[in-house]
Number of protein chains: 2
Amino acid sequence: MSATKTCTDYLRPLRDAMDVLGGKWKIPVIMLLSVRERRFKEIQRELGVAAKVLSKELKELESHELVKRTVFDTVPLAVEYSLTDYGRTLEKVIGEIRDWGVHHRERILERV
Amino acid sequence: MSATKTCTDYLRPLRDAMDVLGGKWKIPVIMLLSVRERRFKEIQRELGVAAKVLSKELKELESHELVKRTVFDTVPLAVEYSLTDYGRTLEKVIGEIRDWGVHHRERILERV
DNA sequence: GTAACCGGTTACTCACAGGTTAGTTGCAAC
DNA sequence: GTTGCAACTAACCTGTGAGTAACCGGTTAC
């Protein structure tokens, strides 16, 4: 942290990232979609999240161009959510978080 | 994601990590402390966080052994917060988040 | 003697994230 | 003809994370 850069400057990218990833379900959703694309109900069932909340989270992810929403004109209509290429750039970040989580869990369990 | 592992199993480490890092100020605090150790008021001023909230966050970080609280028997007494070695294992994760934030900010600005 | 700094704590307030329940449209199965 | 699913939306409710303000004991500076 140089003298010319304030702490605020330094923390801003962190805030930016947290804004995009904020909310209880965004990271889990991205993780699910990084494995393969999914339909609305599928995500809902897997995560146990309320439809309203999931809908909101998906919209936010879409607005940041991390997730793509595709409507299939089938009967009954299907909607599929998938990660965009830009969304895929988050896989590394989320992978790191998850790796740390694995490490952390091991650490806690071995201290019993 | 194998057939024998449920999605819940897969997401658990992510949840573990998010539990530890949850709260508006934990990541910023760790980031500050990763540069160098700081005193209470110092952190408070730099982040603009309420004393009550900072106090709580620091206690939680301490309980997870990420941060060490050292009291100096000086006059007036000083309290210094620093990252533990375990806390340092988070630097990589937070670095990744920040890098992504930098990248994201650039992406947004170039689209104007 | 009084104002200010450090490292907090306590009490009060409040916005809002997230949850619950019900409803909608459009089709298909029983 | 009504029950059910997909993919939501609308209305309402609630817990709590976080902020504000006041205060504490100890200390030093003015």
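Quick look at the structure, then. (Residues numbered from 1 in each chain as written. Chains lettered and ligands numbered in written order. Predicted model: local features only at pLDDT ≥ 70, side-chain atom pairs only at ≥ 80, totals over all residues. Heavy atoms only, no water.)

1. Quick word on the nonpolar core
So, step 1. In this structure, A:Ile43, A:Leu47, B:Val29, B:Ile43 and B:Leu47 are the most contacted members of the largest nonpolar core, which totals 60 residues.
So, step 2. In contact with B:Val29, not counting residues within four places along its chain, are B:Ile43, B:Leu47, B:Leu54, B:Leu58 and B:Leu61. (Core = buried A, V, L, I, M, F, W, Y, C linked by side-chain atoms within 4.5 Å. Buried < 20%, exposed > 50% of the residue type's maximum accessible area, 1.4 Å probe, protein only. Contact = heavy atoms within 4.5 Å.)

2. Things to note about the pattern of salt bridges
Pairing between side chains of opposite charge can happen when the charged atoms of each approach one another.
So, step 1. Per the stated rule, a full pass over the model turns up 19 salt bridges over all chains.
So, step 2. Note that A:Arg111 and B:Glu65 form a salt bridge whose closest N and O atoms lie 3.0 Å from each other. Placement of A:Arg111 in the segment after helix H6 (91-110) and of B:Glu65 in the loop between helix H4 (51-63) and strand S2 (67-72) is noted, with the two residues assigned to different chains.
So, step 3. The exposure class of B:Glu65 is partly exposed, given its relative accessible area of 31%. (Salt bridge = Lys/Arg side-chain N within 4 Å of Asp/Glu carboxyl O. Helix = DSSP H or I, 4+ residues; strand = E, 2+ residues; numbered from the N terminus.)

3. Let's talk about the relation of the copies chain B and chain A
Between the two copies of the chain lies a rotation about an axis combined with a shift along it.
So, step 1. Each copy of the sequence occupies a distinct position, and chain B is placed on chain A by a rotation of 180° and an axial shift of 0.0 Å, giving an RMSD of 0.1 Å. The superposition operator between the copies reduces to a two-fold rotation axis.
So, step 2. The overlap is high: 100% of the interface residues of chain B also sit at the interface in chain A, so the same surface is used on both sides. (Least-squares fit on C-alpha atoms with pLDDT ≥ 70 in both.)

4. Re the interface of chain B and chain A
So, step 1. Contacts between chain B and chain A engage 42 residues on the former and 42 residues on the latter.
So, step 2. Of the roughly 4200 Å² buried between chain B and chain A, counting both surfaces, carbon and sulfur atoms make up 67%.
So, step 3. Area buried by chain B at its contact with chain A is led by B:Leu14, B:Tyr86 and B:Trp100, which between them contribute 17% of it.
So, step 4. Along the contact surface separating chain B from chain A lie eight salt bridges.
So, step 5. Of all the secondary structure elements, the ones that give two or more residues to the side of chain B that touches chain A are helix H1 (7-21), helix H2 (26-35), helix H3 (40-47) and helix H6 (91-110) of chain B.
So, step 6. Here the side of chain B that touches chain A takes 13 residues from H6(B), the largest share from any one element.
So, step 7. The class makeup of the residues in the side of chain B that touches chain A is 24 nonpolar, five polar and 13 charged. (Buried area = accessible area lost by both parts, 1.4 Å probe. Nonpolar A, V, L, I, M, F, W, Y, C, P; charged D, E, K, R; others polar.)

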